[in-house]
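Here is how the chains run, residue by residue.
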Amino acid sequence: MSNQEVEKNKSAQKANLHAGHRERMLNKFLEKGIDVFDDHEVLEFLLFYGIHVKNTNEIAHELINAFGSLDKVFDAPTYKLQEVDGIGKRNAALIKLIPAIQSRVLAAKNDNIKIVKSAESAFELVLPRFLNLKVEKLVLVCLDNAYRVLCIQDISVGTATSVNSGVDRILEYALSYKSTFVIICHNHPCGTSMASHEDILLTGQLNAMLLRVNIHLFDHIVVANGGYCSLKECGMLGLK
């Protein structure tokens, strides 16, 4: 047997070995779910769909080593993911697709919440809109006189530390939906959910403006690190 034939046989055996390993991981997922996978195995399995020949186990370990944990891999910027050998643009997009789909699915589920009567239910409603965000965003929820949700609308997107108040747009949407109550929500991606001085000023300003057109500010929710602060519960809705 020639050297060329030997190398060809080795390549075939290696390909069969990879194929068998991938099939076993697929069956493991289908039978037992993702919870039985180690963190690197989650990435290894995901990368099967972007890397068809190469061993993805090593790349998965490199990702964990580079970013520290599974959640930080998915949080990493696209350009940083591409710096890991073997990832490239397509696989970076594949990794970022997972949290993007998660946010979309959770938002669709939570949009089915029809009535909001508490800060907690408002937080549950808007939380998916802030998942994985690295910048501040302002979201408006309009309610009728029975606290039924009329609309959920993104008002503005800012930087990591600030967002445009969008007072005119808030008023426009609130009036167009004939709202009785509105809730404004924004996130602090780089800090805690504690309301800032600017948050309190905006709340008082908006409250006064809405009252002039007979619309009530039900609450201002600040979201951060999976938790929230309700300015209503803190007694800060009417401060100016």
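Attention here is on the structure that accompanies the text. In every chain, residue numbers begin from 1 and rise along the written sequence. Local features in this predicted model are restricted to residues whose pLDDT is 70 or higher, and side-chain atom pairs enter the listing and the counts only when it is 80 or higher, whereas totals over whole chains, interfaces and linings include all residues. Remark: hydrogens and water are excluded; side-chain values derive from all non-hydrogen atoms of the structure.

Exposure categories follow from relative accessible area, calculated using a 1.4 Å probe and restricted to protein chains: below 20% of the type maximum is buried, above 50% is exposed, and the middle band is partly exposed. A run of H or I in DSSP becomes a helix once it reaches four residues, and a run of E becomes a strand once it reaches two; helices and strands are each numbered from the N terminus. Counted residue by residue, strand S4 (residues 216-224) has eight buried out of nine residues, so it is predominantly covered. When DSSP finds at least two bridges between two strands, those strands are taken to pair. Of the pairings in the sheet, the one linking strand S3 (residues 181-187) to S4 comprises seven bridges and is parallel in character. By the bridge assignment, valine 182 is partnered in S4 with leucine 217. A crossover gets the label right-handed when its path from the first strand over the helix to the second runs clockwise, viewed with the strands pointing away from the viewer. In terms of handedness, the path from S3 via helix H9 (residues 197-211) over to S4 forms a crossover that is right-handed. Sheet topology places S4 next to strand S5 (residues 227-230); four bridges connect them, and they run antiparallel. Note on S5: the bridge partner recorded for valine 223 is tyrosine 228. Hairpin geometry of S4 and S5 is characterised by an intervening segment of two residues between the two adjacent antiparallel strands and by a positive phi of about 50° at asparagine 225.

Take the packing of aromatic side chains next. Only Phe, Tyr and Trp rings take part, Trp by its six-membered ring, and two of them pair if their centres are within 6.5 Å. Stacked means planes under 30 degrees apart, edge-to-face means over 60, and tilted covers everything else. Counting across every chain of the model gives nine aromatic pairs. Here the aromatic cluster, defined as three or more aromatic residues joined through ring pairs, consists of Phe29, Phe37, Phe45, Phe48 and Tyr49. Taking NZ or CZ as reference, lysine 137 lies 5.9 Å from the ring centre of phenylalanine 130, over its face. The ring centre of phenylalanine 218 lies 3.9 Å from the NZ or CZ of lysine 232, which sits over that ring. To sit over a ring, a charge needs its Lys NZ or Arg CZ within 6 Å of the ring centre and within 35 degrees of the ring normal.

One open sheet accounts for five strands, arranged S2-S1-S3-S4-S5; its pairing is mixed. Whereas interior strands pair on both sides, the edge strands pair on one side only; in this sheet they are strand S2 (149-157) and S5. For this sheet, the mean angle separating the axes of adjacent strands, direction not counted, is 20°. By the convention used here, residues are in contact when the closest approach between their heavy atoms is within 4.5 Å. Axis definition: a line fit to C-alpha positions, over the contact stretch in the case of helices; interaxial angles, taken between N-to-C directions, run 0 to 180 degrees. Contacting strand S1 (137-143), S2, S3, S4 and S5, helix H7 (residues 119-126) crosses the sheet at an angle of about 135° to S5. Across the sheet, H9 touches S3 and S4, and the angle it forms with S4 is around 155°.

Quick look at the environment of alanine 119 now. As for its placement among the helices and strands, alanine 119 is situated in helix H7. For the pair alanine 119 and cysteine 229, spaced 110 residues apart in the sequence, the C-alpha separation amounts to 8.5 Å.

Structurally, threonine 56 is set in helix H3 (residues 56-67). Every residue in contact with threonine 56, bar those within four places of it in the chain, is listed here: Arg22, Glu44, Leu47, Phe48 and Ile51.

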